[in-house]
Amino acid sequence: MSRKGFDARIDEAQAIEAIRNHGGEYLKRYKLQSVTYRMCLAAVECDGSAIFYVPEEHRTEEMYRIACKTFGACLRIVPDAYMSEEICKTAVSIDDKSIQYVPEQYRTADIFLAAARNNPLVMQRMPVEMLTVDFCVAVGKKQGAAVVGLLPKSHKTGKFYL
């Protein structure tokens, strides 16, 4: 994979400053062989979607975790070796649509709750057995009346309306 870009002779500190000033996507302006781990980390800290411009050899668990904090869809490219409940929860808490990239073993009520707090419609896509009254109350505290129409009939009790 080659990329046209700035010369390898550029000073790393200057490159990091330019990336921070112009955003993570600025990383793609540098030739692959001149990109350092620190430059990649600066880019991902600015914008999680910059992970797509990071060469494979510089992608680390830390970098994926940082990327998921600002770009939840990054979860779809996190290698199995780096996947964890923590990284899934981080991703879905900022981008509820990232729930589709959560591996089955991490699809817990806690993960769905993190996603549903931003968008209660997530409740329509989760297993019914996870839709407990307590779960619905927790979502309702954040989303209010928006949740009522999504509740199973069995959950429309006094406890929810308190």
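Quick note: structure is the one above.
All of the points below concern the structure found in this document. (Residues numbered from 1 in each chain as written. Predicted model: local features only at pLDDT ≥ 70, side-chain atom pairs only at ≥ 80, totals over all residues. Heavy atoms only, no water.)

## Considering the environment of arginine 76
Inference 1: Tracing the chain through its elements places arginine 76 in the loop between α3 (61–70) and α4 (85–94).
Inference 2: Look at arginine 76 and you get partly exposed, because its relative accessible area is 47%.
Inference 3: Residues arginine 76 and isoleucine 99 lie 23 residues apart in sequence; the distance between their C-alpha atoms is 9.7 Å.
Inference 4: In this structure, arginine 76 is in contact with Phe52 and Tyr101, ignoring residues within four places of it in sequence. (Helix = DSSP H or I, 4+ residues; strand = E, 2+ residues; numbered from the N terminus. Buried < 20%, exposed > 50% of the residue type's maximum accessible area, 1.4 Å probe, protein only. Contact = heavy atoms within 4.5 Å.)

## Here we look at the packing of α3 against α4
Inference 1: Running from N to C, α3 and α4 point in directions that differ by 20°, and their axes come no closer than 7 Å. Regarding the angle of α3 to α4, the classification is roughly parallel. Of the two elements, α3 crosses α4, and the hand of that crossing is left-handed. On α4, the residues that touch Tyr64, Arg65, Cys68, Lys69 and Thr70 of α3 are Glu86, Ile87, Thr90, Ala91 and Ile94. (Axes fitted to C-alpha atoms, helices over the stretch in contact; angles between N-to-C directions. Parallel < 35°, antiparallel > 145°, perpendicular 65-115°, else oblique. Left-handed = near helix turned anticlockwise from the far one by under 90°.)

## A word on helix α1 (residues 12–22)
Inference 1: Of the positions making up α1, those classed as buried are Ala15, Ile16, Ala18 and Ile19. Each buried residue of α1 lies within a common arc of 160° when the element is viewed along its axis, so the set occupies one face. Those residues of α1 that are exposed and angled more than 90 degrees off the buried face are Glu17, Arg20 and Asn21.
Inference 2: Those residues of α1 hidden inside the fold are in contact with α2 (37–46). (Arc of directions from axis to C-beta.)

## Here's the deal with the environment of lysine 97
Inference 1: Here lysine 97 is to be found in the loop between α4 and α5 (109–116).
Inference 2: Residues lysine 97 and glycine 72, 25 residues apart in the sequence, show an inter-C-alpha distance of 8.1 Å.

## Quick notes on α2
Inference 1: Residues Met39, Cys40, Leu41, Ala42, Ala43 and Val44 constitute the buried set of α2.
Inference 2: Buried positions along α2 lie against α1 and α3.

## Remarks on the packing of α4 against α5
Inference 1: Contact geometry for α4 and α5: axes closest at 7 Å, N-to-C directions at 20°. Looking at the two axes, α4 sits roughly parallel to α5. Regarding α4 and α5, the two cross each other, and that crossing is right-handed. In this structure, α4 contributes Glu85, Cys88, Lys89, Val92 and Ser93 to the contact, and α5 contributes Asp110, Ile111, Ala114 and Ala115.
Inference 2: Across the contact of α4 with α5, the residue classes tally to five nonpolar, one polar and three charged. (Nonpolar A, V, L, I, M, F, W, Y, C, P; charged D, E, K, R; others polar.)

## Some points on the packing of aromatic side chains
Inference 1: Taken as a whole and assessed by the stated rule, the structure comprises three aromatic pairs.
Inference 2: Judged by centre distance (5.7 Å) and plane angle (45°), the ring pair of tyrosine 64 and tyrosine 82 falls under tilted. Placement of tyrosine 64 in helix α3 and of tyrosine 82 in the loop between α3 and α4 is noted, with a sequence separation of 18 residues between them.
Inference 3: Looking at tyrosine 64, the relative accessible area reads 2%, which means it is buried. (Phe/Tyr/Trp six-rings, centres within 6.5 Å; stacked < 30°, edge-to-face > 60°.)

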